[in-house]
Amino acid sequence: MAESIKHFINFAANPKVLFPCLLILTLFMFPGNDKLLAINKRLGLYKLWTKKGGIFLFSFMLLFFIFGLTDPNFRLIVTKPDNVPIVALLFLVNFFLWLSMKQAWENDARIAKGQPPQEAEDAKEKILVWPDLVYIEFIALILCSALLLAWACALPAPLEEPANPSVSPNPSKAPWYFLGLQEMLVYFDPWLAGVVFPTIIMLGFMCIPFLDNNKKGCGYYTFNERKMAISIFMFLWLVLWIFLMTTGTFLRGPNWNFFGPFEYWDIHKLEALTNINLSEYIYMILLKQPVPENILLREIWGFLALGLYFGLTPILLALTFLKNVFKQLGVLRYSIFTFLLLCALSLPIKMFLRWAFNIKYIVAIPEFFFNI
Amino acid sequence: MGKDERHYNINNLNILFACASLILLSALGWLFVKDYSRPWKKHQQDFRALEVEQTRVKLDSSSSALASNPEYQALQEELTKAREAYNAQCRQNEALQKEIKSLQAHDDSLQQQYRFTKSEFDAARYRLEIAKEHPGAAAYLVKAQKEYADVESKLHKLLVDTQSSADTLKAKNDVNAQCGAQLAELERKERELARQKNFLSRKLENIDPGEMTFVNQMANLIRDLPIIDLANPNNKIKQVVLKDIREDVNFLEVPKVDRCITCHLGIDNPDYANMPQPFRTHPNLELYLGKESTHPLEEFGCTVCHGGRGRGTDFTTAAHTPSSEEQAQEWEKKYRWQEMRLWEEPMLPLAQTEAGCFKCHAGQSTIKGADKLNLGLELIEKAGCYGCHFIEKYKDWPQPGPDLTKIAAKVSKEWAYQWIENPKAFRPDTRMPSFYHLSNNSDPESMIRGEQEIHAIVHYLFQHSEEFPMEKIPSTGDAHRGQDIVESVGCFACHQVGSNPQEGKTTADSLRREHGPNLIGLGRKTTKEWIYHWVKNPPRYHPATRMPNLRLTDQEAADVVEYLASQQTPEFDQQAIPALDPQVVDRITLEFLKKSLSNKAAGEKLAAMTLDEKLLFSGEKLIGSYGCYGCHTIAGFEEMKKPGTELTEEGSKALHNLDFGFVHIDHTKPAWFAQKLHDPRSFDKDKVKIWEEKLKMPNFYFSEQEIDAMTTALLGFVEAKGIQDKIVPRTPENLYIEEGQKIIRQLNCQSCHMIEGEGGTIQESVKQWLIKHDGKSADEAAAIVLSFSPPNLVGEGKKVQPQWLFDFLHQPTTIRPWLKVRMPTYTFNADHLNSLLQYFNALDKEPFPFTDNVDVNLTQEEYLAAEKLFSDEYFDCAKCHIVGDKMPGGSPENWAPNFALAKTRLKPGWILEWMKNPAALLPGTKMPTYFDPENYHESGPPDILNGDEDTQIRVLRNYLNTIAPLTTSQETKKNPEVKEAPETLVAPAVSK
């Protein structure tokens, strides 16, 4: 029984399975528009954001960990001193997610009844900065320092033996906060995953105040009034950041192969990895003819696909799903918004292409080190 | 701000604040404790307690020894008396003491005044010089002159006063000292006697808190407190910095630093031999660590030999290596030990520590003291690992296996098939490894394939075999006589006949005995003609053979052939040879064809080939794949690269480069090497491989003991990084010695001769001969065996003239005609001969190639004296020594070499030393000692040459050099005697 559960979890933890599931779950858990919201309500998913839902969520997570710790492989990975913070992170992220969503749904219910949000009630109470606030902040500071010191003593930093250039650790992992980026390297060329995307993320952050002009939800938690913003944020935060980081920490083993949480990290594990470029796919498999010599001719399909993706999709979206958004934002801001959104979506799309068609690059010009 | 406006209860917050602060404080305390408590500090404290205890015990024994020493007791009595006398006579003179004190005070103050004035004087002198230099200011000059004169006179007066004061003081002091002189002398004597005790008690005062003064006790407590311990703590990291051993820390080389002695505190102190680790003394202080040893701690440290991480100061970071899985588990529990995965040179396991010797001593054949490593190296030589694996040390060694280019003349196809299929079945102790019936080719399909592979290989070998014309054996031999010859002339130095009686441990001796193949079943293997031509002239069949020529006569050779050909192996004959299967041969051939051709082309080519061609083609490919040419000379493979991995730096190989496959053994290098040697193909276990991918290393069926030794050697094959200054110095002498040792090892000289204190393996078979043929009892044989064995070559460089040695090695002549064992003729080239000459001379630190002049000058009187000494009146030299053609009387075990050889053979200086004290040059020699080394100047006969021993020896030497020196014509005349001698040698055997 336990073994078959482990097998199932190992199978389900594979990004090929887990990632699409998570993507769909996020779509319905944090519905971005009214139609999705209706489905959410019909399925009763919102019930997770209640006390009972919280108890269910955390009992489930705890049970999973308790069950998992009986397995030596799981124990080995989870209790490694440098992985402990990530375990804590899983619980903390879920806790605060649940807390904020619970308050948001409660407020939504109040607003629907015509009442002000809970925070308006709280605002009637008064706390003095001095001494109350400063004092408790100071106490919190002391306790945090004590916690950090005790942690440092109990689980010493894993400073290993002196580095040896001829024997590098396998797997070589980036610090936990970079593991999302390292995971992207599996699907994108370094210049994209390591340079362009981080830059776009920074610029995207800067753009948020200009793109999100919804004035509702200031000073209180609400979901209903900011559905789309929250939905997009959760996709970026949970799926593209927390999930990739967790995968990188717990599920990537020697040779960056994927290993289920209950799987032994076998250094000799081999996976079939023969990938081809879009040009080869189109010319050799679909058109059954040799790949052209001319670089431009060869890669024309890739460029075309990219052109359509970044050029045509925004227009189509403006006419359909994002009609209102286009109206609200105007051409320039709408273009920036959709560009950023499409960039973010390119990762799941690339993953899908890789898994389904073994696509390595959409555009592959190794002659100029230009691969997308 | 009203009280009601407060959100929190301030008292509760205060309590919370207090609690939080206490928690922070305790966390901080934890941090301090954790940072302060290091495992090595505990060791140092424990060691100190141990040291105090040891010192106390020693102090007690030293005090009691002193107390029972009569000399000391007498001294004590005397001392008491002297003290009383001193008190009585000198102490009373208090007035004098007082006067001395006041004089001393006066003197001190004068001294001080003098120093002040002297500095004033110097300053005044400087000012005067400056004033003279600037003639403008005349007034200034006058003033300076006056000042200078004043100070000078003052200084002068003070000088006079000081001197007179010192004189007075000295006079008074002398009076006082005279009074106490005797006491002072006695006290000095007491200190001398009690030096050991005083040293120990002083040491105890330093280390034992109980013996310390109060102030020192306080200091002792405070020294090791946190933060204060930065100054001069008791517990501190101790280290050796080795400037000439460099450590590579990536892009930078730094001196090696070993901190092992931080915990291994008693390592160079013989007092801790029985203490528990980590304090135990090194087991061999004579060779290592001691100041007088060849590897002092300050110059070699620890990790250069043992491996491990010298800078590590706890159990794990020092990269300790457990000897077994159990020990690893024990360490994990006890010391929280973990493997240092990234450290390239982990400590060598205890059983393989000797591996550390190799990197500096790689050139030597025998590393004194490293028995296991030596055995491993010898096994590598004997098994011929270097045939397939390039190893720097063995780069120019001859191929280990026989030449196969004329194989058809030697063995039959059937025999060759059976031999390849299972060499051990024919000769159980052969060094030829097995390629078949191994763990990765024993499945039915591989077995069928294997049979046909052997057919192909045999076919190739015989097709490429050259002509080897053999004449008929000129005479018929006698097997019985042949056996006597084989047992006596020295075949048993390298060969054995019959099943191997030696069981169990492999030793240097047993390896020397098995230098050549066991001659079991030779009659089944080859023809009489081949054996005859082989023993008569081995290089004719195998030009690079190490088998020497024993100069057998035709008749002797025929006898030997008859005997050896009678060796049969009936069981071996019964094995049936499977028939040739063209289908399987096709499959094998096709597989090889496909490697260079497309499937279709390969198929076409195969169809066009005859069975012969197929066998020839696949035979060649198979020999190439299995690497037969690594050990054997095979036509068509002369230029091939060695088939195996290079092993020169195998011990430095990173663990992850060793494929453990699915074999569940410890993930360590020694375990992998041992497994590889135990079953070379085992790493294919459970692997799905096609034939081409399979492991090809054959199995030598080494014993566990052999594997252990070879693993040690392999671990020693490391990259010599940063130790250039520690390698055995590359002086010409050392290089000569290493070159000579190599030849000696290759030709198995030590099987007959004792060289560098090792060898003489053949004595056992000589003993057997004496028992069997001369009817001696075992004890008698053991007593005289040395007389009938090849000579001990200790001091050979000092003893013989280089020219003679050169000639002798090139063309041996008989020196000891009573020996049945013969010095064989080797096919040495001039390089070999020179190397051996240089070797023997370098070993004895003799200048080479210089020799003394042979001195034959004698006056009439000296000549007569020498004759007398030589005669039976005195030394009776001819009683044992052969003189020209004249043989001595008595039994041959007492005979000694011919004096006629002395002039050309022996170095004149050596003869003098030899006569003076033969036992010193050759321990255990039969030569009597005529001159007592203890009482040399009275040992010679007093009535000859005024009893001057040096002259007696000199004239005797010069006399010997005049005895019937063989002229060239005589030599050529005598040369046949060399050939004849063996006949007389076997004569007794024939008569029996």
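Model, not experiment: these values are computed from the prediction. (Residues numbered from 1 in each chain as written. Chains lettered and ligands numbered in written order. Predicted model: local features only at pLDDT ≥ 70, side-chain atom pairs only at ≥ 80, totals over all residues.)

Q: I'm lost on the overall build of chain A in this one. Help?
A: Secondary structure assignment for chain A yields 14 helices and two strands. Along the longest, intermediate and shortest principal axes, the C-alpha atoms of chain A span 75 × 60 × 45 Å. Looking at chain A residue by residue over its 372 residues, the buried ones come to 18%. Taking the intrachain contacts of chain A between residues at least 6 apart in sequence as the baseline, contacts between residues at least 24 apart amount to 67%. (Helix = DSSP H or I, 4+ residues; strand = E, 2+ residues; numbered from the N terminus. Buried ≥ 20, exposed ≤ 12 C-beta atoms within 10 Å, placed from the backbone. Contact = placed C-beta atoms within 7 Å.)

Q: Could you clarify how one ought to interpret the domain arrangement of chain B in this entry?
A: According to the domain assignment, chain B consists of domain 1 (69-192), domain 2 (237-347), domain 3 (371-390 + 644-724), domain 4 (407-585 + 625-630), domain 5 (729-843) and domain 6 (860-991). Domain 1 of chain B and domain 2 of chain B are separated by 56 Å when their C-alpha centres are compared. (Domains from an automatic or database assignment.)

Q: Would you mind going over helix 14 (residues 323-357) of chain A with me for this structure?
A: Side chains three or four residues apart in an α-helix point the same way, a direct result of the helix having 3.6 residues per turn. Residue and element names in this part refer to chain A. Between its first and last C-alpha, helix 14 extends only 33 Å over 35 residues, short of the 51 Å set by a 1.5 Å rise per residue. The largest bend in helix 14 is about 120 degrees, located at Gly330. Here helix 14 has its buried residues at Phe326, Leu329, Phe337, Thr338, Leu340, Ser346, Leu347 and Lys350. Contacts made by the buried residues of helix 14 are with helix 9 (179-184), helix 10 (190-211), helix 11 (227-251) and helix 13 (295-319). Phi turns positive one or two residues past the end of helix 14, at Asn358, with a value near 55 degrees. (Expected span 1.5 Å × (residues − 1). Bend = angle between axes of the 7 residues up to and from the residue.)

Q: Honestly, the environment of Glu649 of chain B in this entry has me stumped. Any pointers?
A: Residues and elements named next belong to chain B. Looking at the element boundaries, Glu649 is found in the loop between helix 27 (611-626) and helix 28 (669-678). Overall, Glu649 belongs to the partly exposed group, with 15 C-beta atoms counted inside 10 Å. Residues Glu649 and Ile391, spaced 258 residues apart in sequence, show a C-alpha to C-alpha distance of 8.3 Å. In this structure, Glu649 is in contact with Phe717, Val718 and Glu719, ignoring residues within four places of it in sequence.

Q: Could you clarify how one ought to interpret the interface of chain A and chain B in this entry?
A: When the parts come together, some accessible area is lost, and that loss is often what is quoted as the size of the interface. Facing 20 residues of chain A, the contacting portion of chain B comprises 24 residues. Of the residues contributing to the side of chain A that touches chain B, the split by class is 13 nonpolar, three polar and four charged. (Nonpolar A, V, L, I, M, F, W, Y, C, P; charged D, E, K, R; others polar.)

Q: Just to check I follow, could you spell out helix 18 (residues 479-488) of chain B for this structure?
A: Listing the buried residues of helix 18 of chain B in full gives Gly482, Asp484, Ile485, Val486, Glu487 and Ser488 of chain B. The first or second residue beyond helix 18 of chain B is Gly490 of chain B, which carries a positive phi of 120 degrees.

Q: Explain the domain arrangement of chain A here, please?
A: Annotation of chain A at the domain level lists domain 1 (1-117 + 220-267), domain 2 (126-157) and domain 3 (175-219 + 276-372). The gap between the C-alpha centroids of domain 1 of chain A and domain 2 of chain A is 29 Å.

Q: Sorry if this is basic, but what is going on with the environment of Ser475 of chain B here?
A: Residue and element names in this part refer to chain B. Its place among the elements puts Ser475 in the loop between helix 17 (444-463) and helix 18. Sequence-wise, Ser475 and Asp559 are 84 residues apart; in three dimensions their C-alpha atoms are separated by 8.9 Å. Ignoring anything within four residues of it in the chain, the contact list for Ser475 reads Asp554, Gln555 and Ala558.

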